[in-house]
Protein chains: 2
Amino acid sequence: MTAGSARAFVPGHVTAFFAPHSHENPLRAGSTGAGFTLDDGVDVTVTPAPDTAIQVNGTTLNMDPVERVLSVLDATVTVEAQTPLNIGTGFGVSGAMALGTALAVNAATDGDRSENELIRIAHRAEVEAGTGLGDVVAQARGGIPIRLAPGAPGYGELDGIPHPTRLEYVSFGNLSTPAVLSGDTSPIRTGGQAALAELRETPRLEKLFELARIFAKETDLLTDRIERVIDDVRAEGGEAMMAMLGETVVALDTGLSDAGYDPSVCHTHPGGATVSP
Amino acid sequence: MTAGSARAFVPGHVTAFFAPHSHENPLRAGSTGAGFTLDDGVDVTVTPAPDTAIQVNGTTLNMDPVERVLSVLDATVTVEAQTPLNIGTGFGVSGAMALGTALAVNAATDGDRSENELIRIAHRAEVEAGTGLGDVVAQARGGIPIRLAPGAPGYGELDGIPHPTRLEYVSFGNLSTPAVLSGDTSPIRTGGQAALAELRETPRLEKLFELARIFAKETDLLTDRIERVIDDVRAEGGEAMMAMLGETVVALDTGLSDAGYDPSVCHTHPGGATVSP
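Quick summary incoming for the structure in this document. Given the structure is predicted, the values throughout are model-derived calculations rather than measurements. (Residues numbered from 1 in each chain as written. Chains lettered and ligands numbered in written order. Predicted model: local features only at pLDDT ≥ 70, side-chain atom pairs only at ≥ 80, totals over all residues. Heavy atoms only, no water.)

Looking only at helices and strands, one finds nine helices and 12 strands in chain A. Taken against the 2.2 N^0.38 rule, which gives 19 Å for 277 residues, the C-alpha radius of gyration of chain A at 18 Å falls within 12% of a compact globule. Seen through its C-alpha atoms, chain A measures out along the principal axes to roughly 55 × 40 × 30 Å. Buried positions account for 58% of the 277 residues belonging to chain A. With the model as given, the accessible surface of chain A reaches about 10,500 Å², and the carbon-plus-sulfur share is 44%. Looking at chain A, you have 18 positive and 36 negative side-chain charges, and the mean spots of the two groups are 5 Å apart. (Helix = DSSP H or I, 4+ residues; strand = E, 2+ residues; numbered from the N terminus. Rg over C-alpha atoms; globule rule 2.2 N^0.38 Å. Buried < 20%, exposed > 50% of the residue type's maximum accessible area, 1.4 Å probe, protein only. Areas by Shrake-Rupley, 256 points an atom, 1.4 Å probe, with all protein chains shown as cover. Lys, Arg positive; Asp, Glu negative; His and termini not counted. Charge placed at Lys NZ, Arg CZ, Asp CG, Glu CD.)

Next comes the structure, spelled out in structure tokens:
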């Protein structure tokens, strides 16, 4: 690591179902819902530099939420991210980039922001950029987060399912979060709220997968290709679901391998985003 | 692991300063304050058995908070804990035992309690047993927790200092948490509240150590032996503090080694208590 630089790791986050919640205060806006954080995530290194530049796996990109975080923290740095996850396929990479940048900039500049303050900055940046609603708070927490109430620390409320597990995933392509969130979200809100109420009654893994499948179908977000893969996994006795929002299937344990796919393998992330020592 | 058994890991927790907060509802009772969670912690294995028995490092003990957790969860099990930490020396071992037992029993019985429910059960058990006020919620969170508002999930509120670090510690003996908490706690409350207000202004490691030293002195909890060790560390340019409540000194990084002591070495725990996969 270059002198003056700092690193943070942020787990990926796959949403199983969600209900968007808009509010004029971006710290109160967000979503309720549930999903998995993954030990496949994003490693973010920031280094003071004459000009800001953002790279993911070596490719220079514009990333609105990251630029917003840098602006709030008044930082001019290079942001270099390494990740096995693809942007736009439902793993919360933009949220991870925003949160990882906030944590790493604070560490690199010997800043004195608390964790909640840095999470609030990243959450606000995602909400204002329209790139996500609930990833940042879930990624800060780790585990299998249930988002009980929307919004950043101080407003939102989280719980979790205490069952660490192996997961497998395959991605076929992108779905645009801004495009979905700017359309008619009332069926999503209704479906997401119903799923959350049921998961709170029975906070179990199998229930989470079942509710995710119902949600994907009822909201018309399920694609034919994803439906076929989920059916294949279930035919072998496995549990699988679609990642919101991406053309991605996530299966419990060895579900995709058992059905003959060649998936990426990871585990739920135990503890959420951290500055790297 | 025996069939039907399950394991959980709970980090140790060292309190730097605290303000006790009593309430007739044990979920609202607790403490505000700040401290460190440690990757030295307690590994708890529970196994269904005809009779309940609780062992720590092979020695059978009565532990009121653990028995309360088992009673709420209606579990008859052996609880076997392994830990490098000593009970009564300020590392939150009783809180770790209570929370680890709750998490492991839920996993062993394929229970469907959420993480917040299990934390609430353990927090309540500690408060009712009089063995602790803020360890459980801090241990569930990990990192360097700041307890902004007292109580279990749903009532309490947490933040954290985003600076993972190496720590060293030496322990000379026990202080009784129940004895201190059943005495006149008003100087502790006043000192703890003042320290918290100041830490919220400047959530930094050096500030946490400084406030801990002031708190230990002003509350008369500081012993002569602990004061000498802290002075030795500071004479070498290090940061050190007394653990609340134990005759234990915790130093930043290599503070105790630099002063010629032979300390135990650990790091802040990144993510808080988890069921072991």
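So, next bit.
A word on the pattern of salt bridges. Residue and element names in this part refer to chain A. All chains considered together, the criterion is met by 26 salt bridges over all chains. Glu-168 serves as the salt-bridge partner of Arg-166, at 2.8 Å between the closest nitrogen and oxygen. For Arg-166, a relative accessible area of 26% puts it in the partly exposed group. For Glu-168, a relative accessible area of 0% puts it in the buried group. A cluster of three or more residues bridged by salt bridges with shared partners is formed by Asp-64, Arg-68, Arg-124 and Glu-128. (Salt bridge = Lys/Arg side-chain N within 4 Å of Asp/Glu carboxyl O.)

On to the sheet that holds strand 9 (residues 240-242) of chain A. All names here are of chain A. The four strands are arranged 9-10-8-11 in an open sheet whose pairing can be described as antiparallel. The sheet terminates laterally at strand 9 and strand 11 (264-267), the two strands that pair on one side only. Direction aside, the axes of adjacent strands within the sheet are offset by 30° on average. Bridging between strand 8 (residues 166-173) and strand 10 (residues 247-252) involves six bridges; their strand directions are antiparallel. Note on strand 10: the bridge partner recorded for Glu-168 is Ala-251. Lying on the sheet, helix 7 (residues 205-218) is in contact with strand 8, strand 9 and strand 10; it crosses strand 9 at an angle near 40°. The strands touched by helix 8 (residues 224-235) within the sheet are strand 8, strand 9 and strand 10, with strand 10 carrying the most contacts at an inclination of about 15°. (Pairing = 2+ DSSP bridges. Axes fitted to C-alpha atoms, helices over the stretch in contact; angles between N-to-C directions. Contact = heavy atoms within 4.5 Å.)

Let us now look at a negative patch on the surface. Residues and elements named next belong to chain A. Judged by side-chain charge, Asp-231, Asp-232, Glu-236, Asp-253 and Asp-258 come together as a negatively charged surface patch. The topology assignment puts Asp-231 in helix 8. Looking at Asp-231, the relative accessible area reads 44%, which means it is partly exposed. (Patch = residues over 30% accessible without salt bridge, like charges linked within 9 Å, V, L, I, M, F, W, Y side chains within 5 Å.)

Residue and element names in this part refer to chain B. Here helix 6 (residues 186-201) is 16 residues long and its end C-alpha atoms lie 23 Å apart, about the 22 Å a rise of 1.5 Å per residue gives. Those residues of helix 6 that sit buried are Ile-188, Gly-191, Gly-192, Ala-195, Leu-196 and Leu-199. For helix 6, the angular spread of buried residues about the axis comes to 135°, placing them on one side. Among the exposed residues of helix 6, those pointing more than 90 degrees away from its buried face are Thr-190 and Glu-201. The secondary structure elements touched by the buried residues of helix 6 are strand 1 (6-21), strand 2 (30-48), strand 6 (145-149), helix 5 (177-181) and helix 7 (205-218). (Expected span 1.5 Å × (residues − 1). Arc of directions from axis to C-beta.)

Now for the relation of the copies chain A and chain B. Overlaying chain A with chain B gives an RMSD of 0.0 Å, the required rotation being 180° about an axis along which the chain moves by 0.0 Å. What the rotation and shift describe, once combined, is the action of a two-fold rotation axis. Among all residues of chain A, the minimum C-alpha distance to the rotation axis is found for A:Gly271, at 1.7 Å. Of the interface residues in chain A, 100% have counterparts in chain B that sit at the interface too, so the contact is made through matching surfaces. (Least-squares fit on C-alpha atoms with pLDDT ≥ 70 in both.)

Let us now look at the pairing of strand 2 of chain B. Residue and element names in this part refer to chain B. With 16 of 19 residues buried, strand 2 lies mostly within the body of the structure. In terms of strand pairing, strand 2 meets strand 5 (residues 77-82) through six bridges, oriented antiparallel. By the bridge assignment, Thr-47 is partnered in strand 5 with Thr-78.

Residues and elements named next belong to chain B. Its place among the elements puts His-123 in helix 3 (residues 115-129). On the basis of relative accessible area, His-123 is assigned to the buried category, the value being 1%. In this structure, the C-alpha to C-alpha distance between His-123 and Gly-95, residues 28 residues apart in sequence, is 7.6 Å. In this structure, His-123 is in contact with Pro-26, Leu-27, Ala-29, Gly-30, Leu-133, Val-136, Val-137, Gly-151 and Ala-152, ignoring residues within four places of it in sequence.

We now examine the packing of aromatic side chains. Residue and element names in this part refer to chain A. Scanning the entire structure with this criterion turns up eight aromatic pairs over all chains. Relative to Phe-215, the ring of Phe-17 has its centre 6.4 Å away and its plane inclined at 55°; by these criteria the two rings are tilted. Taken together, the residues Phe-17 in strand 1 (residues 6-21) and Phe-215 in helix 7 connect sequence positions 198 residues apart. Just as Phe-17 is buried, Phe-215 falls in that class too. (Phe/Tyr/Trp six-rings, centres within 6.5 Å; stacked < 30°, edge-to-face > 60°.)

This next bit is on helix 2 (residues 93-108) of chain A. Residues and elements named next belong to chain A. Here helix 2 spans 21 Å end to end across 16 residues, near enough to the 22 Å set by a 1.5 Å rise per residue. Summarising burial for helix 2: 14 of the 16 residues are buried, a large majority. Backbone geometry just after helix 2 places Asp-110 at a positive phi near 50°.

Before going further, it helps to spend a moment on the packing of helix 1 (residues 64-72) of chain A against helix 2 of chain A. For any two helices packed against each other, the geometry comes down to the angle between their axes and how far apart the axes lie. Residues and elements named next belong to chain A. Where helix 1 meets helix 2, the axes come as close as 8 Å, and the angle between the chain directions of the two elements is 20°. Taken together, helix 1 and helix 2 sit at an angle that is classed as roughly parallel. Crossing angle aside, the handedness with which helix 1 passes helix 2 is right-handed. Residues Pro-65, Val-66, Val-69 and Leu-70 of helix 1 lie in contact with helix 2, whose contacting residues are Ser-94, Met-97, Ala-98, Thr-101, Ala-102 and Val-105. (Parallel < 35°, antiparallel > 145°, perpendicular 65-115°, else oblique. Left-handed = near helix turned anticlockwise from the far one by under 90°.)

Residues and elements named next belong to chain B. Taken together, the four strands give an open sheet; going across it, the order is 9-10-8-11, and neighbouring strands pair in antiparallel fashion. The open sheet has two edge strands with one neighbour each: strand 9 (240-242) and strand 11 (264-267). Averaged over all pairs of adjacent strands, the angle between their axes in this sheet comes to 30°, without regard to strand direction. Direction of pairing for strand 9 relative to strand 10 (residues 246-252): antiparallel, over a ladder of three bridges. Looking at the pairing, Met-242 lines up with Val-249 of strand 10. Here helix 7 sits on the sheet and contacts strand 8 (166-174), strand 9 and strand 10; the angle it forms with strand 9, its principal contact strand, is near 40°. Strand contacts of helix 8 (residues 224-235): strand 8, strand 9 and strand 10, with the helix running at about 10° to strand 10, the strand carrying the most contacts.

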